[in-house]
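Residue-level structural notes
As a plain string of letters, each chain reads:
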Amino acid sequence: MKRLLMMMAFVLMGMSAMAQDVIPLPTPDKNVEMSLFTALQRRRSVREYASRPIDLPTLSRVLWAACGISQPESGKITAASAMNRQDIQVYVCGEKGAYLFHPATNELTKVCGKDLRASLAGSQKGVATAPCFLLLVSDQAKFGGRGQGETFGAMDAGYVSQNIYLACTSLGLGTVARYGMDRDTLKRELGLADTQVMELNHPVGWTK
Ligand SMILES: Cc1cc2nc3c(=O)[nH]c(=O)nc-3n(C[C@H](O)[C@H](O)[C@H](O)COP(=O)(O)O)c2cc1C
């Protein structure tokens, strides 16, 4: 009963927090029971999700695994990154709006008040009901106009994507890496610069 009440409190916190402009994320709990090899064995693309919202502590764990700071002394992150440019930015998009994840401060800042999930799902309408989407954007400005920036951005997104897959698997969440999305609408609504390339998105939800 106590556990149930605590879980409800987290969910309510998560829902009301998602209306704020700056959301401090709880320190991610890095203790996970599932071993890395079990997560690798079980990882699958999941395209159907329960409607239950994702609480902030769980979201914080997934975001840390995606590209959070793993070594504060050097500022390095959980994902390998070409020339350590750390170009991948993660936008968290849900019913209450879209937020940018800041690994250094472990917080979300609001960039749009609209529900962009249908635009993220694009023609694959079945995934639009996921409680949240993580959009991986490569900030090409980090490569200073180098010719390989485009390739590095796509590769760097792949590392972050696999981290998201493995974190979701180990936490009982389902996800799928997706290329398809309505890029014109998303660019406009998120106010992305021409140098910000939308690489992949991940609908994330509890497995049914
Ligand atoms: C770069 C990339 C793009 C993908 N795009 C989509 C997509 O748009 N829609 C989709 O349903 N799955 C997409 N997938 C998921 C693949 O279909 C999936 O990984 C593949 O079928 C193998 O299944 P598994 O992930 O369960 O092993 C994509 C995967 C990758 C790596």
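In the block above lies the structure referred to throughout.
Below is a summary of the structure that appears in this document. Fair warning: this is a prediction, and the values are worked out from it, not measured in the lab.

**Re the sheet that holds strand 9 (residues 196-206)**
If you trace the 7 strands from one edge of the open sheet to the other, you get 1-6-5-4-7-9-8, paired in antiparallel fashion. The open sheet has two free edges, formed respectively by strand 1 (22-24) and strand 8 (173-175), since each of these has just one partner strand. Each strand axis lies, on average, 30° off the axis of its neighbour in the sheet, ignoring direction. As paired strands, strand 8 and strand 9 are joined by 3 bridges and run antiparallel to one another. Along strand 9, the bridge assignment pairs Leu 173 with Trp 206. Sheet contacts for helix 3 (residues 56-67): strand 1, strand 4 (88-94), strand 5 (97-102), strand 6 (107-112), strand 7 (132-139), strand 8 and strand 9; angle to strand 4, the most-contacted strand, approximately 155°. Across the sheet, helix 6 (residues 183-190) lies against strand 4, strand 5, strand 6, strand 7 and strand 9, angled at about 95° from strand 9, the strand it touches most.

**A closer look at the site of the ligand**
The full set of residues close to the ligand is Arg 43, Arg 44, Ser 45, Arg 47, Gln 124, Tyr 165, Val 176, Ala 177, Arg 178, Tyr 179, Gly 180 and Leu 200. One nitrogen or oxygen atom from the main chain of Ala 177 is found 2.9 Å from a nitrogen atom belonging to the ligand. Contact with the protein chains hides 53% of the accessible area of the ligand, taken as 620 Å² for the molecule alone. A class-by-class count of the residues in the shell around the ligand yields 5 nonpolar, 3 polar and 4 charged.

**Quick notes on the packing of aromatic side chains**
What the rule picks out here adds up to 1 aromatic pair. The interplanar angle of 45° and the centroid separation of 5.8 Å between the aromatic rings of Phe 143 and Phe 152 together place this pair among those described as tilted. Here the basic side chain of Arg 183 rests over the ring of Tyr 179, its NZ or CZ set 4.1 Å away from the ring centre.

**Side note on helix 3**
Relative to the 16 Å expected for 12 residues at 1.5 Å per residue, helix 3 spans 16 Å between its end C-alpha atoms, a close match to the ideal helical length. Among the 12 residues of helix 3, 10 are classified as buried, and the element is accordingly described as predominantly covered. Taken together, the buried positions of helix 3 are Leu 56, Thr 58, Leu 59, Ser 60, Arg 61, Val 62, Leu 63, Ala 65, Ala 66 and Cys 67.

**Quick notes on helix 5 (residues 149-171)**
The terminal C-alpha atoms of helix 5 lie 33 Å apart, and with 23 residues this matches the ideal 33 Å at 1.5 Å per residue to within 8%. Following helix 5 by one or two positions, Gly 172 has its phi on the positive side, about 85°.

**A closer look at unusual backbone geometry**
Of note, Asn 84 is a non-glycine position whose phi angle comes to about 50°, a positive value. With respect to the secondary-structure elements, Asn 84 resides in the loop between strand 3 (76-77) and strand 4. Looking at Asn 84, the relative accessible area reads 36%, which means it is partly exposed. At Gln 86, a position not held by glycine, the phi torsion is positive, near 50°.

How each quantity is defined
- Residues numbered from 1 in each chain as written.
- Predicted model: local features only at pLDDT ≥ 70, side-chain atom pairs only at ≥ 80, totals over all residues.
- Heavy atoms only, no water.
- Pairing = 2+ DSSP bridges.
- Helix = DSSP H or I, 4+ residues; strand = E, 2+ residues; numbered from the N terminus.
- Axes fitted to C-alpha atoms, helices over the stretch in contact; angles between N-to-C directions.
- Contact = heavy atoms within 4.5 Å.
- Near = heavy atom within 4 Å.
- Polar contact = N/O pair within 3.5 Å; in protein donor to acceptor, adjacent residues only side chain to side chain.
- Areas by Shrake-Rupley, 256 points an atom, 1.4 Å probe, with all protein chains shown as cover.
- Nonpolar A, V, L, I, M, F, W, Y, C, P; charged D, E, K, R; others polar.
- Phe/Tyr/Trp six-rings, centres within 6.5 Å; stacked < 30°, edge-to-face > 60°.
- Lys NZ or Arg CZ within 6 Å of the ring centre and 35° of its normal.
- Expected span 1.5 Å × (residues − 1).
- Buried < 20%, exposed > 50% of the residue type's maximum accessible area, 1.4 Å probe, protein only.

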